[in-house]
Amino acid sequence: MADEKAVLSIRGKNIEFPVHEGTEGDVAIDISKLYPDHRLMTFDPSLASTAICKSTVTYIDGEKGILRYRGIPIEQFVTDKPSFIEVAYLLLTGALPTLDEREYFRRQLTENELLPEPMRLYFNNVPTTAPPMALLSAAVNNLACFHPEFLELDNDDDFMEISARLISKIRTIAAYIYRRTHCLPFMYPNPNLRYAANFLHMMFSLPYSHYEVAPEIEDALNLVLILHADHEQNCSAATVRVVASSRANLFASCAAGICALWGSLHGGANVEVMRMLAQIHEGGLSPEECIRMAKDKTNPFRLYGFGHRIYKNYDPRAKILHAACERVFAILKNQNDPLLNIARKLEELALSDSYFVERKLYPNVDFYSGLLLRAMGIPTNMFTVMFAMGRLPGWIAQWKEQHDSGGRIIRPRQVYEGNTLSDYVPMGQR
Ligand code: CMC
C-alpha cells in the first residue's frame, strides 16, 4: 500500500515511518530518518531484521525453501542445464542471454583466461602451506594492479568486460592455487573447453597427460557453481556492498567478499563438514556424539552444514546437491562411500531430534557440496575456493547494484557502553 505508515511510540512521541513493500510481499519499515530527525537508533547487531538495500537480483523465501535468480527458480537450472556462464550473465544483466550474447560473453571469457605473467610467477613464491583463501583474496585484489583502466566503471560495456575478466581469471587463479599447494606444475587454460571442463583441465592435467573430463563430472561441477552463484544479502555479499558503498573498486570489494566467505559459519562451513565426516569415519567421534556436542550450549561446536539465517525449511540448494551426490556416487559405483553414509546418518539423526526440529535446522548448501567436490577429486582445502568461484557473479551483480544506486556510504551506529568522560593519567602516575 503506497501510503502505509508504521508508527513508533516512544517517550511520549509518535513517530511515523514510510513502509516499503517488495514485489514478493516483503515489508520493510523505512527508519532511515530515525537518527537524523529524532536522534534515535535501532539495535540489530546481526542485522537479522534489517534490509540494507533494495535489490532485484535474488529472491529467497526461507519459510518455503524458495530460491530464485532474477525470478527463475533454481530447480529450473537442474532440469534445463544452462551453463554457469549463462547463469552468470543472467545475474549480471538481469536477463538470459540470446545465443549471440552468450557467445560474445563466452569469447570475452576465453580471451581473458590467462593470468598476467607476473601473477602466474607470483604463485611460484608463495609457501605451499599457504591457506588457499588468503591466496585467492590477495590475487583478486592484485588484479587491480594489472587493470587500472577498470578501477572506475562508468558504462555497462566496461562493466561486462571487467566482469568477464574476473569470472574467467578467478578460475585460473583457483586452479593455480591448487597446483601450487600441491607442488604441481601450472597448466595453462585450454580455450577449447567450457568453463567447468577448463577448470578441471587446469586442476588435473599434467604436461605429459591430458585429463579427460567425464561429462557427468563436468555437469556436476557446472551445477555446483550455479547453485552457489548468488544468495542475496549473505555475509560476503553484504561485505561486498559495504566496501562498494565507500566507492571502492570491484577488485577490492570482491577480495573483501572472499575474506568474509572464508569463515566457518559462512563458506568455510564446507571444509568443517568434511573434517567432521572424516573425524567420524576415523573413529574419533560417533554421529550420536556429534549431535550431542552440537546441542551442548557450553561447546562452541556446531553441526556444520546445518541451519541457516534465512531458511527455516530444507535449503533448496542442499536438496538438489544431495540428489546430485547420490547420482554421481552411483555413476562412480560408490553408493556406499563411508563419508556419504555418515552424512546420511547425521541428517537422519538431526531431522528426528527435537533440538533441530524445534529450531528448524535443516541441511544447508554446505552439507553435501563437499562430498560432491571430493568425488570430483577436489581436495578439502579447495572447497571454499570453489564456493568463491561460484559466488563471484553474485558478488559482482550486488556490487553493480550498490554502485549504480549512488547510495550513501554504509555506516552503522553503535550503542556506546564504554567509560564516560575520563582523564588521561601521565605514565609516572599510573
Ligand atoms: N548446530 C547446532 N546448533 C545450531 C546450528 C548448528 N549448525 N545452527 C543454529 N543452531 C542453533 C543456535 O545455536 C540457536 O540456538 P538457541 O536458539 O538455543 O540459541 C538456534 O539454532 C537458532 O540459530 P539461528 O539464530 O537461526 O542461527 P544464525 O542465524 O545466527 O546462524 C548459521 C546461522 C548458518 C551461522 C548457523 O546455523 C550455523 O552456525 N550453522 C553451522 C555453520 C554452517 O553450516 N554455515 C553455512 C551456512 S549456509 C552457506 C553460507 O551462507 O555460507
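Residues numbered from 1 in each chain as written. Predicted model: local features only at pLDDT ≥ 70, side-chain atom pairs only at ≥ 80, totals over all residues. Heavy atoms only, no water.

(A) Focus on the site of the ligand. As a matter of local geometry, the ligand sits amid 23 residues, with H266, R302, L303, G305 and R309 nearest to it. The separation between an oxygen atom of the ligand and a polar side-chain atom of K297 is 2.9 Å. A distance of 2.8 Å is found between a nitrogen atom of the ligand and a side-chain nitrogen or oxygen belonging to Y355. Here the ligand has 930 Å² of accessible area as a free molecule, and 76% of this is covered by the chains. Tallied by class, residues from the shell around the ligand come to 10 nonpolar, 7 polar and 6 charged. (Near = heavy atom within 4 Å. Polar contact = N/O pair within 3.5 Å; in protein donor to acceptor, adjacent residues only side chain to side chain. Areas by Shrake-Rupley, 256 points an atom, 1.4 Å probe, with all protein chains shown as cover. Nonpolar A, V, L, I, M, F, W, Y, C, P; charged D, E, K, R; others polar.)

(B) Region of the structure containing the sheet that holds strand β3 (residues 27-29). What the 3 strands build is an open sheet, ordered β1-β2-β3; its pairing is antiparallel. Where the open sheet ends on each side, the last strands, each with one partner, are β1 (5-10) and β3. Taking the axes of each pair of neighbouring strands and ignoring which way they run, one obtains an average angle of 30 degrees across the sheet. Pairing analysis gives 3 bridges linking strand β2 (residues 13-21) to β3, with the strands arranged antiparallel. When the sheet's bridge partners are listed, E21 is paired in β3 with V27. (Pairing = 2+ DSSP bridges. Helix = DSSP H or I, 4+ residues; strand = E, 2+ residues; numbered from the N terminus. Axes fitted to C-alpha atoms, helices over the stretch in contact; angles between N-to-C directions.)

(C) Just the environment of F159, in detail. Tracing the sequence through the fold places F159 in helix α7 (residues 156-181). Judged by relative accessible area, F159 falls into the buried class, the value being 4%. (Buried < 20%, exposed > 50% of the residue type's maximum accessible area, 1.4 Å probe, protein only.)

(D) Focus on helix α15 (residues 338-351). The terminal C-alpha atoms of α15, which comprises 14 residues, lie 20 Å apart, in line with the 20 Å expected from a rise of 1.5 Å per residue. Residues of α15 that are buried: L339, L340, I342, A343, L346, E347 and A350. Projected down its long axis, α15 carries its buried residues within an arc of 160 degrees, all on one side. Contacts from the buried residues of α15 go to α12 (269-281), α13 (287-295), α14 (316-331), α16 (354-358) and α17 (365-375). The backbone nitrogen of L339 lies 3.0 Å from a side-chain oxygen of the residue at the head of α15, namely D337. (Expected span 1.5 Å × (residues − 1). Arc of directions from axis to C-beta. Contact = heavy atoms within 4.5 Å.)

(E) Broad picture of the pairing of β1. Examined bridge by bridge, β1 and β2 share 6 bridges and lie antiparallel to one another. Within β2, the position partnered with S9 by the bridge is N14. Remark: 2 residues form the turn of the hairpin made by β1 and β2, two consecutive strands paired antiparallel; R11 in that turn has positive phi of roughly 50 degrees.

(F) A look at the pattern of salt bridges. The full count for this structure, using the stated rule, is 18 salt bridges. Note that R165 and E161 form a salt bridge whose closest N and O atoms lie 3.2 Å from each other. Placement of the pair is R165 and E161 together in helix α7, with a separation of 4 residues, close to one helical turn. Of the charged contacts, one joins D404 and K400 as a salt bridge, the two residues approaching to 2.5 Å between their closest N and O atoms. Of the two residues, D404 and K400 are both situated in helix α18 (residues 383-405); the distance of 4 residues between them amounts to about one turn of the helix. Under the relative-accessibility criterion, D404 is labelled partly exposed at 47%. Overall, K400 belongs to the buried group, its relative accessible area being 14%. One salt-bridge network, held together by shared partners, links E86, R102, E103 and R106. (Salt bridge = Lys/Arg side-chain N within 4 Å of Asp/Glu carboxyl O.)

(G) Examining the environment of P82 more closely. Assignment of secondary structure puts P82 in the loop between α2 (75-79) and α3 (84-93). Judged by its relative accessible area of 11%, P82 falls in the buried class. Separated by 141 residues in sequence, P82 and L223 place their C-alpha atoms 8.9 Å apart. When residues no more than four places from it in sequence are discounted, the contact partners of P82 are F77, V87, N222 and I226.

(H) Structural view of unusual backbone geometry. Of note in this structure, L47 is not a glycine but carries a positive phi near 60 degrees. With respect to the helices and strands, the residue L47 is situated in the loop between α1 (34-38) and β4 (58-61). The phi dihedral of R70 falls on the positive side, at around 50 degrees, and the residue is not glycine. Its place among the elements puts R70 in the loop between β5 (66-69) and β6 (72-73).

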